[in-house]
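Coordinates in review
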Amino acid sequence: PTADLYIKRALVQERLRNYQPAARDVRSAIGIDSTNAQYYIILGRLYVQLPYTKGAIETYQQVMALEPENTVVPMMLGKQLFIVKEYDETDRWLKLAIDRNRLQPDPYYWRGKVLKEMGKTDLAIASYQRAVEISPDNFVAYLELGELYALKKDRKAEAYYKNALDLNPGSVRALYGRGKYYQDVDSLDKAMADYQKILETVPDFLTTNYNMGFIHFKRGEYERAVHYFSR
């Protein structure tokens with residue numbers, strides 16, 4: 001079979017979610033033609049699905065060796081390097097992705113994640129903010145901003161959690177994050193309102209029950225505290 005036939009069969013297998021056979025076919029195609037960067041891109045995509053992170057990284061690196069000016073793969077490579085906690089390398093590739101397309105939100109979001117892991121909180125916030133400027137419906141970036149500002153006990157946390165909840169009103173992560181922020185700044189009625197919304201849909205949410213018990217205990221409402229601590 002020709003390389004093209006292997007790729008056609010691989011794409012059919014990919015649609016059927018048969019990722020291992022698909023990857024074998026792409027490797028066979030590469031054995032016939034090792035200069036086609038598109039083959040490596042397909043293989044990298046399959047490795048991400050398997051998941052086989054080391055293989056995805058090596059495959060995307062091969063793409064960049066064949067196509068140094070590629071504008072899409074630096075982002076893909078950065079995400080895989082983040083998974084294996086190669087934060088300096090992740091940041092390098094994400095900065096390259098941004099340089100090549102400054103209107104793409106994903107590299108800013110992922111760069112925010114890696115900067116957060118590196119302890120560079122202010123730079124992480126700036127990167128997340130750029131992501132939501134480009135993509136105002138970026139729910140996860142609003143969450144990250146809420147969480148980072150909550151750690152600072154900064155009132156901006158409330159606004160970013162509101163933005164997240166406007167996009168996804170039932171988000172347990174957003175409700176819990178905002179509730180915990182309210183609890184930490186002693187807005188206890190607001191904290192309990194958010195916690196109660198969580199418990200209406202996830203009654204066995206461990207930390208929410210604990211926090212409700214703690215607030216009631218703090219207020220001297222011991223029977224209510226016992227109820228939540230018991231749960």
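Look above for the structure.
Residues numbered from 1 in each chain as written. Predicted model: local features only at pLDDT ≥ 70, side-chain atom pairs only at ≥ 80, totals over all residues. Heavy atoms only, no water.

**A few points about helix α1 (residues 3-15)**
If you check α1, its first and last C-alpha atoms are 19 Å apart, about what 13 residues at 1.5 Å a residue would give, namely 18 Å. In this structure, the buried residues of α1 make contact with α2 (19-32) and α3 (37-49). The positive-phi residue at the C-terminal boundary of α1 is Arg-17, with phi of around 65°. (Helix = DSSP H or I, 4+ residues; strand = E, 2+ residues; numbered from the N terminus. Expected span 1.5 Å × (residues − 1). Contact = heavy atoms within 4.5 Å.)

**A few points about the packing of helix α9 (residues 139-151) against helix α11 (residues 172-184)**
Look at α9 against α11: their axes get within 10 Å of each other, and the N-to-C directions meet at 15°. As the angle between them shows, α9 and α11 are arranged roughly parallel. For the crossing formed where α9 meets α11, the hand is left-handed. Judged by residue contacts, Leu-143, Glu-144, Glu-147 and Ala-150 of α9 engage Arg-173, Ala-174 and Tyr-181 from α11. Classifying every residue of the contact of α9 with α11 by side-chain character gives 4 nonpolar, no polar and 3 charged. (Axes fitted to C-alpha atoms, helices over the stretch in contact; angles between N-to-C directions. Parallel < 35°, antiparallel > 145°, perpendicular 65-115°, else oblique. Left-handed = near helix turned anticlockwise from the far one by under 90°. Nonpolar A, V, L, I, M, F, W, Y, C, P; charged D, E, K, R; others polar.)

**Looking at the packing of aromatic side chains**
Within the structure shown, the criterion is met by 12 aromatic pairs. Judged by centre distance (5.7 Å) and plane angle (10°), the rings of Tyr-149 and Tyr-160 are stacked. Within this pair, whereas Tyr-149 is found in helix α9, its partner Tyr-160 is found in helix α10 (residues 156-167), the two being separated by 11 residues in sequence. In this structure Tyr-160 comes out as buried when scored by relative accessible area, which is 15%. Pairwise contacts between aromatic rings join Phe-82, Tyr-87, Tyr-109, Trp-110 and Tyr-128 into one cluster. Seen from the ring of Trp-110, Lys-113 lies directly overhead, with NZ or CZ sitting 5.5 Å from the centre. Here the basic side chain of Arg-130 rests over the ring of Tyr-108, its NZ or CZ set 5.7 Å away from the ring centre. (Phe/Tyr/Trp six-rings, centres within 6.5 Å; stacked < 30°, edge-to-face > 60°. Buried < 20%, exposed > 50% of the residue type's maximum accessible area, 1.4 Å probe, protein only. Lys NZ or Arg CZ within 6 Å of the ring centre and 35° of its normal.)

**Thoughts on the environment of Asp-33**
Considering the arrangement of structural elements, one finds Asp-33 in the loop between α2 and α3. Residue classification places Asp-33 among the partly exposed residues on the basis of a relative accessible area of 24%. For the pair Asp-33 and Asp-4, spaced 29 residues apart in the sequence, the C-alpha separation amounts to 9.6 Å. A distance of 2.7 Å separates polar atoms of two side chains, one belonging to Asp-33 and the other to Thr-35. (Polar contact = N/O pair within 3.5 Å; in protein donor to acceptor, adjacent residues only side chain to side chain.)

**Here's the deal with unusual backbone geometry**
Residue Pro-51 is reached from Leu-50 by a cis peptide bond, and omega for that bond is -15°. The phi angle at Arg-17 is positive, at roughly 65°, despite the residue not being glycine. For Arg-17, the position within the fold is in the loop between α1 and α2. Within the chain, Asp-186 stands out as a residue other than glycine whose phi angle is a positive 65°. Mapped onto the elements, Asp-186 comes out in the loop between α11 and α12 (188-201).

**With respect to the nonpolar core**
Core analysis: the biggest nonpolar cluster contains 42 residues, and Tyr-128, Leu-145 and Tyr-195 have the highest contact counts within it. Among the elements that make up this core, the one with the highest residue count is α9 (7 residues). Setting aside its immediate chain neighbours within four residues, Tyr-195 contacts Tyr-176, Gly-179, Lys-180, Gln-183, Thr-208, Asn-211, Met-212 and Ile-215. In terms of nonpolar packing, the next biggest core, distinct from the first, is built from 27 residues, Tyr-6, Leu-43, Val-73 and Leu-77 among them. (Core = buried A, V, L, I, M, F, W, Y, C linked by side-chain atoms within 4.5 Å.)

**Things to note about helix α8 (residues 121-134)**
Taking 1.5 Å per residue as the helical rise, α8 with its 14 residues ought to reach 20 Å, and the 20 Å between its terminal C-alpha atoms agrees with that figure. Residues of α8 that are buried: Ala-124, Ile-125, Ser-127, Tyr-128, Ala-131 and Val-132. Along the long axis of α8, the arc covered by the buried residues comes to 165°, so they all point the same way. Of the exposed residues in α8, the ones pointing more than 90 degrees away from its buried face are Asp-122, Leu-123 and Glu-133. Among the structural elements, α7 (105-117) and α9 are those in contact with the buried residues of α8. (Arc of directions from axis to C-beta.)

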